[in-house]
Amino acid sequence: MDAQTLHIDLSVPNGWHDINDKQLRFFYGLVAEGLPAEDIVVICLLRWSRTEVIGKQPNGAFLMRQGGNTFTVAAVAIAMLICYLQWLHEIPNVPVRLSKIGRKKALPADFQGVPFEKLIICDNLYQGYLHSQDGKLLDQLAAVLYDGNVRPDDAERISVFYWMSSLKAYLSKRFSDFFQPANAEDANLLGTPNIGSRLQESVDAQIRALTKGDITKEAEVLALDTWRALTELNAQAREYREIQKHTKR
């Protein structure tokens, strides 16, 4: 009689785009605990594949269980498997977030359809957090991102930080003419005591560019869809650089 083949499914999400709310919350909870990155990846591999380690063999192989099946896996095989989750070490390449905190629903992850004013507020709170590491700013950020009075726990604060980090990186690629790499002076922005005034200057410049200097249009500009506002700013930045090139010639 042929030996019965045991089929074990160790499938896991393929990337940030493939992860659901439950998996996100679990991951953010591990990050909030301050666990080493490699430990987090292994724990996620086991949890998301519904597998548990129940012992270790004398030869170093792990005795594991999935459902009603018990089997052994060599340590080298585990090392190969966690390579498929190395993307967890990086800030998401697309905006991801928990769909809810409490009963409050999140804004669209990529901010399409969100008023431009909210992006400005969120960016200022995010930059303020980077500067001060004050967790209260993440709570304020969560209140804007989830459009209401929320009380985020540690995992949810981590999720808010990841959301803003991934959103800024995503928008920087999408509107690359407007979001140019910082020069030496701007790179030191977070180390300066006058960060508040510097951020305000940046916001004022963006609003002035969109209103063409007409202050009566400020409310209209702040209510613009974020992507519409960034599209215009991106076009203006591209046109400005083209003019500079021709001037230098």
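It should be noted that the structure appears before, not after, this text.
Bear in mind that the values here come from a model prediction, so they are computed numbers and not experimental data. (Residues numbered from 1 in each chain as written. Predicted model: local features only at pLDDT ≥ 70, side-chain atom pairs only at ≥ 80, totals over all residues. Heavy atoms only, no water.)

Q: What exactly am I supposed to notice about unusual backbone geometry here?
A: Most peptide bonds take the trans form, and the phi angle of most residues other than glycine is negative. At F111, a residue that is not glycine, the phi angle is positive and equals roughly 70°. When you line up the elements, F111 lands in the loop between β5 (104-105) and α4 (116-132). Owing to a relative accessible area of 0%, F111 belongs among the buried residues under this scheme. Despite not being glycine, Q133 shows a phi value in the positive range, around 60°. (Helix = DSSP H or I, 4+ residues; strand = E, 2+ residues; numbered from the N terminus. Buried < 20%, exposed > 50% of the residue type's maximum accessible area, 1.4 Å probe, protein only.)

Q: Quick question: what am I supposed to make of helix α2 (residues 37-48) here?
A: Residues separated by three or four positions in an α-helix point in the same direction, a consequence of the helix having 3.6 residues per turn. Taking 1.5 Å of rise per residue, the 12 residues of α2 would be expected to cover 16 Å, and the 16 Å separating its terminal C-alpha atoms lies within 8% of that figure. Buried residues of α2: I40, V41, C44, L45, L46 and W48, and no others. Of the residues flanking the end of α2, it is R50, one or two places downstream, whose phi is positive at about 55°. (Expected span 1.5 Å × (residues − 1).)

Q: Where do I start with the side chain of S159 in this structure?
A: If you trace the backbone, S159 turns up in helix α6 (residues 154-174). With sequence-adjacent residues up to four places away left out, S159 is seen in contact with Y28 and L98. (Contact = heavy atoms within 4.5 Å.)

Q: Just checking my understanding: could you explain the pairing of strand β3 (residues 69-73) for this structure?
A: Two faces make up the sheet, and in a regular strand the side chains alternate between them. As defined by bridge partners, strand β2 (residues 62-66) adjoins β3 across five bridges and the pair is classed as antiparallel. Across the sheet, residue R65 finds its bridge partner in β3, namely T70. Here β2 hands over to β3 after two residues, with G67 in that stretch at a positive phi of 65°. (Pairing = 2+ DSSP bridges.)

Q: So what exactly am I meant to see when it comes to the packing of helix α1 (residues 21-32) against α6 here?
A: Working note: a packed helix pair is described by the angle between its axes plus the distance between those axes. The N-to-C vectors of α1 and α6 enclose an angle of 105°; their axes lie 8 Å apart at closest approach. Here α1 lies roughly perpendicular to α6, going by the angle between them. Side by side, α1 and α6 meet where R25, F27, Y28, G29, V31 and A32 of the first sit next to D154, A155, E156, I158, S159 and Y162 of the second. Residue composition of the contact of α1 with α6, by class: seven nonpolar, two polar and three charged. (Axes fitted to C-alpha atoms, helices over the stretch in contact; angles between N-to-C directions. Parallel < 35°, antiparallel > 145°, perpendicular 65-115°, else oblique. Nonpolar A, V, L, I, M, F, W, Y, C, P; charged D, E, K, R; others polar.)

Q: Looking at this structure, I do not really get the packing of α4 against helix α5 (residues 135-145). What am I missing?
A: In contact at an axis separation of 9 Å, α4 and α5 are set at 165° when each is read in the N-to-C sense. Classified by the interaxial angle, the pair formed by α4 and α5 is roughly antiparallel. Every pair of crossing elements has a handedness; the one defined by α4 and α5 is left-handed. Of α5, the residues touching α4 (which contributes K118, I121, C122, L125, Y126, G128, Y129 and S132) are G135, L137, L138, Q140, L141, V144 and L145. Of the residues contributing to the contact of α4 with α5, the split by class is 10 nonpolar, four polar and one charged. (Left-handed = near helix turned anticlockwise from the far one by under 90°.)

Q: Even after reading the chapter, I still don't get the pattern of salt bridges, so can you show me in this structure?
A: As a working rule, side chains carrying opposite charge can pair if their charged atoms are close by. Using the criterion set out here, one finds seven salt bridges in the structure. The partner of E52 in a salt bridge is R65, and the shortest N-O contact between them spans 3.0 Å. Taken as a pair, E52 in strand β1 (residues 52-56) and R65 in strand β2 lie far apart in primary sequence, 13 residues in all. A relative accessible area of 34% means that R65 is categorised as partly exposed. Of the charged contacts in the structure, one is a salt bridge between D123 and K168, with a shortest N-O distance of 2.8 Å. Here the residue D123 occupies a position in helix α4, and K168 occupies one in helix α6, the gap between them amounting to 45 residues. The exposure class of K168 is partly exposed, given its relative accessible area of 24%. Among the charged side chains, a network of salt bridges with common partners joins D139, D154 and R157. (Salt bridge = Lys/Arg side-chain N within 4 Å of Asp/Glu carboxyl O.)

Q: What is the right way to read the environment of L167 from this model?
A: Here L167 lies in helix α6. Aside from chain neighbours lying at most four places away, what touches L167 is P95, A109, D110, F111 and L119.

Q: It is not clear to me how the packing of aromatic side chains should be interpreted in this structure. Could you clarify?
A: The way to describe two aromatic rings as a pair is by their centre distance and the angle between their planes. Scanning the entire structure with this criterion turns up 13 aromatic pairs. With centroids separated by 6.1 Å and ring planes inclined at 50°, the aromatic side chains of W16 and Y162 adopt a geometry described as tilted. Residue W16 is found in the segment before α1, and its partner Y162 is found in helix α6; the two are separated by 146 residues along the sequence. Overall, the relative accessible area of 4% leaves W16 in the buried class. For Y162, a relative accessible area of 12% translates into the label buried. The interplanar angle of 80° and the centroid separation of 5.8 Å between the aromatic rings of Y146 and W163 together place this pair among those described as edge-to-face. Of the two residues, Y146 sits in the loop between α5 and α6 while W163 sits in helix α6, which places them 17 residues apart along the sequence. On the basis of relative accessibility, which here comes to 1%, the residue Y146 falls in the buried class. (Phe/Tyr/Trp six-rings, centres within 6.5 Å; stacked < 30°, edge-to-face > 60°.)

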